[in-house]
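Each chain, letter by letter, is given below.
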Amino acid sequence: MATSSPPRDLGLPWPLRLLDAAPFGPVSGGLLITAAVSVAFLAWAWLTGAWGHSLGEQIWFELLQAALIGYAPAATVNSVRGALRDLDDLRSVIELSPFEFENERRAHTRFQPRPLAVAAVIGAAVGIALPFYPAGWVSGVRPELGDPILTWALLRNVVMLGLYGWTIYFEVELARRFSRIGERLTRVDLLDLTPLRPFARRGLRSVLLWVVLSVAISLLFLAPWSSEPAGGFLALTVVLAAALLLLPAWGVHRRILAAKQAELARVREAMRVGRQGLLESAEATPPGHFADLVAYEARVASIATWPFDLSTLVRFALYVALGLGSWLGAAVVERFVDAVVG
């Protein structure tokens, strides 16, 4: 079986390529990025002196932002690696020669630069817009242009939202590719859908990525100047989590549905022939044959057309509950603090 690590000539943006090639792995690399951004903030605060006595109140918020910046590239590289593992697990049901499969596998690590640039620009544009939203500041008033605090917020948001523009693009694109494989290249055995479970695992992997992000963003509710923008991120996270569970399995769902409809049509045609034999002559139809056809029709009709089992649905429910619970908990803490302080 092929290795689950992306090839070293993968078509990722160079920061993600460096993170993947690092010997300490993407998670450790994400922690180093978090530390580097935190040090950069402290250096900026010391050089400009803009935060003054409020630095202690601000530092936890900036550490959280640094963690979000480090999480994005680490999660993206892990997602690409996970996609290759899921693709390897589907090898037995993908109708490709070994050479074709290896080409398909390598294609999963290649991404066109233009959509990557568009995703980064859109993310950066959102990052630039957020600091100009007055409710996002504790005083309700945006600092003047050139203010060190505003300058830092702009720089930090451009980097963070640009990275998350990439992350969203990668998750949607990988899900789309799995959907294409499921619809065009996957062999379906209606009596055994177990080999198709990797499509569900791909969706769950994406859901978990976004739930972890949701938990981190929920902490922004603890900062009164950021609770309103955080609500927008919550909506985005929940919508993406639901979509990314279904999108990788959409193609194989259509494939299963088509196979199911074809099999039902075939067995019902056999039932019509058997029924005609029963009506014309009992000897024309073997004993129990028609009853077997009826039982088989019921069995085929009951087959689910999504590659989700009970464990998949339970894990999805737990992930979503974790994400929603973190937001509800943060909202309760925020209201409690407001009541005490107020």
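> Which parts of the structure should I look at to understand the packing of helix α5 (residues 113-129) against helix α6 (residues 148-184)?
Each pair of packed helices gets described by two things: the angle between the helix axes and the distance between those axes. As a packed pair, α5 and α6 sit with axes 7 Å apart at the nearest point and diverge in direction by 140 degrees. The angle between α5 and α6 places the two elements in the oblique class. For the pair α5 and α6, the crossing hand works out as right-handed. Each of P115, L116, A119, A120, G123, A124, V126, G127 and I128 in α5 lies in contact with α6, whose residues at this interface are L154, N157, V158, L161, G162, G165, W166, Y169 and F170. Partitioned by chemical class, the residues of the contact of α5 with α6 number 13 nonpolar, 5 polar and no charged.

> I'm lost on the packing of aromatic side chains in this one. Help?
Think of a pair of aromatic rings as described by two things: how far the centres are apart, and how the planes are tilted against each other in angle. If you walk through the whole model with that rule in mind, you get 9 aromatic pairs. Every member of this aromatic cluster is reached through a ring pair, and the members are F41, W44 and W152.

> It is not clear to me how the confidence of the model for the protein should be interpreted in this structure. Could you clarify?
Detailed reading of the predicted coordinates is not advisable wherever pLDDT is low. In the predicted model, the protein carries a mean pLDDT of 83, and the fraction of residues at 70 or more is 81%. Here helix α10 (residues 310-341) is the element of the protein with the lowest mean pLDDT, 67, and α5 is the one with the highest, 94. Taken together, the stretch residues 1-9 has pLDDT below 50 and engages in 26 contacts with residues farther than four places along the chain or on a different chain.

> In this structure, what is going on with the nonpolar core? I would like to understand it.
Looking at soluble globular proteins, one finds that nonpolar side chains tend to be buried together. If you look at the biggest cluster of nonpolar residues, it comprises 61 residues, and the most contacted ones within it are L68, I94, F111, W166, F170, L196 and F199. Elements represented by at least two residues in this core include exactly α1 (14-21), α3 (55-89), α5, α6, α7 (197-218) and α8 (227-280). No other element matches α3, which puts 12 residues into this core. Contact partners of I94, with chain neighbours within four places excluded, come to L87, F101, I181 and L185.

> Explain the side chain of E104 to me, please; I cannot follow it from the model alone.
The topology assignment puts E104 in helix α4 (residues 98-107). The class for E104 is buried, based on a relative accessible area of 13%. Look past the residues within four positions of E104 in its chain and what remains in contact with it is L87, L96, R180, I181 and L185.

> What should I look at first to understand the pattern of salt bridges in this one?
Going through the model one piece at a time under the given rule, you end up with 14 salt bridges. Residue R255 is joined to E95 by a salt bridge in which the shortest nitrogen-to-oxygen separation is 3.3 Å. Placement of R255 in helix α8 and of E95 in the loop between α3 and α4 is noted, with a sequence separation of 160 residues between them. Owing to a relative accessible area of 23%, R255 belongs among the partly exposed residues under this scheme. The partner of R254 in a salt bridge is E183, and the shortest N-O contact between them spans 2.8 Å. Placement of the pair is R254 in helix α8 and E183 in helix α6, with a sequence separation of 71 residues. Residue classification places R254 among the partly exposed positions, given a relative accessible area of 41%. Relative accessible area serves as the criterion here: at 32%, E183 is assigned to the partly exposed category.

Criteria and thresholds
All chains use their own residue numbering, which begins from 1 and follows the written sequence. Per-residue local features of the predicted model are confined to residues with pLDDT of at least 70, and side-chain atom pairs are confined, for both listing and counting, to 80 or more; whole-chain, interface and lining totals are unaffected and use all residues. Heavy atoms throughout the structure, all of them, feed into the side-chain values; hydrogens and water do not. To define axes, lines are fitted to C-alpha atoms, for helices over the stretch in contact only, and angles between the resulting N-to-C directions are given on a 0 to 180 degree scale. Elements are defined by DSSP. Helices are runs of H or I of four residues or more, strands are runs of E of two residues or more, and each kind is numbered from the N terminus. Working rule for angles: under 35 degrees goes down as roughly parallel, over 145 as roughly antiparallel, 65 to 115 as roughly perpendicular, anything else as oblique. Definitions for this section: a left-handed crossing has its near helix turned counterclockwise from the far helix by less than a right angle. A right-handed crossing has that turn clockwise. Residue contacts are defined here by distance: any two heavy atoms, one from each residue, within 4.5 Å place the two residues in contact. Classification convention: Asp, Glu, Lys, Arg as charged; Ala, Val, Leu, Ile, Met, Phe, Trp, Tyr, Cys, Pro as nonpolar; all other residues, Gly among them, as polar. Two rings belonging to Phe, Tyr or Trp (six-membered ring only in the last case) form a pair when the distance between their centres is within 6.5 Å. Interplanar angles under 30 degrees mark stacking, angles over 60 mark edge-to-face geometry, and anything in between is tilted. You can read pLDDT as the predictor saying how much it trusts each residue, on a scale of 0 to 100. In these notes, a set of buried Ala, Val, Leu, Ile, Met, Phe, Trp, Tyr and Cys residues joined through side-chain atoms within 4.5 Å is what counts as a nonpolar core. A simple rule labels every residue: compare its accessible area, found with a 1.4 Å probe on the protein chains alone, to the largest value its type can have, and call it buried under 20%, exposed over 50%, or partly exposed in between. We count a salt bridge whenever a side-chain nitrogen from Lys or Arg sits within 4 Å of a carboxyl oxygen from Asp or Glu.

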